Amino acid sequence: GQKAQVSLTLSDAVINIDPAEEIPRDHRLDVSVVTKQTLGVFSHAVTTTRDDPVPECEKQYMEGRIVQKLECRPYADHCYMKMKLESIRKASQPARQVKSLEKIVHNYKPVSDHKHNIEDRERKKAEGKKSRDDKNAVLDMLFNAFEKHQYYNIKDLVRITRQPISYLKEILKEVCDYNMKNPHKNMWELKKEYRHYKEDDKKDDDTTKDTMSDSDSD
């Protein structure tokens, strides 16, 4: 009937990961009941193919509900206090230090242009070369893509349509909805009036055939 007492003892393999640094071996786990909030464990399964990296199927599962939590706390012994003192000492050291150089060090020569600046210019230059296709052609590519998958992020749609991202977003806002909530946050999907348009066309064709059959029989 008493509160559970749980402890954690690290193995020798964990203790000896870094022989130069001594860490506490024994810890206590404070057990408490989760109240005033609901916590769950979810798993997210995605299946893809080797030829097509775009996810074919995405499913989310509720694995269980969290009712207890354990907080790991090391004992305030000599080992722990020594480790904390060493961490405070390292944090107090300045990130930059002045050193006296006795000879020329070529490694410290300034760089005329940094790598990330070059990559950024090349990316912008590549985007500038993307020409805007006809709007109807872009819509056809989007509808064909959404026939395969219900949800896409903007990077995949740019790769599929090869359109400038600003121009593509203008078209997406007309025919798609942007999800702001999980499980499909930051993903685009067709608006309700554009979904399953293939099935709607089939129904219209069947209705037309039935009307023609009735007229023939008359």
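What counts and what doesn't
Residues numbered from 1 in each chain as written. Predicted model: local features only at pLDDT ≥ 70, side-chain atom pairs only at ≥ 80, totals over all residues. Heavy atoms only, no water. UniProt positions renumbered as here; feature names shortened; annotations may be inferred. Helix = DSSP H or I, 4+ residues; strand = E, 2+ residues; numbered from the N terminus. Buried < 20%, exposed > 50% of the residue type's maximum accessible area, 1.4 Å probe, protein only. pLDDT = per-residue confidence, 0-100. Contact = heavy atoms within 4.5 Å.

Looking at an unreviewed UniProt entry, one finds the protein chain named General transcription factor IIF subunit 2, with Anopheles melas as its source organism. Looking at the Sequence similarities (unreviewed entry) heading of the UniProt record, one finds this comment for the protein chain: "Belongs to the TFIIF beta subunit family." A UniProt comment under Subcellular location (unreviewed entry) is attached to the protein chain, and it reads "Nucleus".

Asker: So, unusual backbone geometry: which residues are in play, and what are the values?
Answerer: Between Asn182 and the following residue, Pro183, the backbone shows a cis peptide bond with an omega angle of 10°. Among the secondary structure elements, Pro183 is positioned in the loop between β6 (176-178) and β7 (188-190). You will see that Lys36, though not glycine, has its phi angle at about 60°, which is positive. If you trace the backbone, Lys36 turns up in the loop between β2 (26-33) and β3 (39-47). You can call Lys36 exposed: its relative accessible area is 88%. The backbone phi angle of Arg162 is positive, close to 55°, even though this residue is not glycine. The topology assignment puts Arg162 in the loop between α5 (154-161) and α6 (165-175).

Asker: Got a sec to walk through the confidence of the model for the protein chain? Specific residues and values, please.
Answerer: As a note on interpretation, predicted positions should not be read in detail where pLDDT is low. Averaged over the protein chain, the pLDDT score is 81; the fraction of residues at 70 or greater is 81%. Throughout residues 197-205 the model reports pLDDT below 50, and contacts reaching past four residues in sequence, or to other chains, amount to six contacts. Low pLDDT, under 50, characterises residues 211-218; the stretch is placed with zero contacts to residues that sit more than four places away or in other chains.

Asker: Requested: an account of the environment of Arg132, with residues and values cited.
Answerer: You can see Arg132 is positioned in the loop between α3 (115-129) and α4 (135-148). Taking relative accessible area as the criterion, Arg132 reaches 51% and is therefore assigned exposed. Arg132 sits 32 residues away from Pro164 along the chain, and the two C-alpha atoms are 6.9 Å apart. Non-local contacts of Arg132, meaning those with residues more than four positions away in its chain, are made with Gln163, Pro164, Ser166 and Tyr167.

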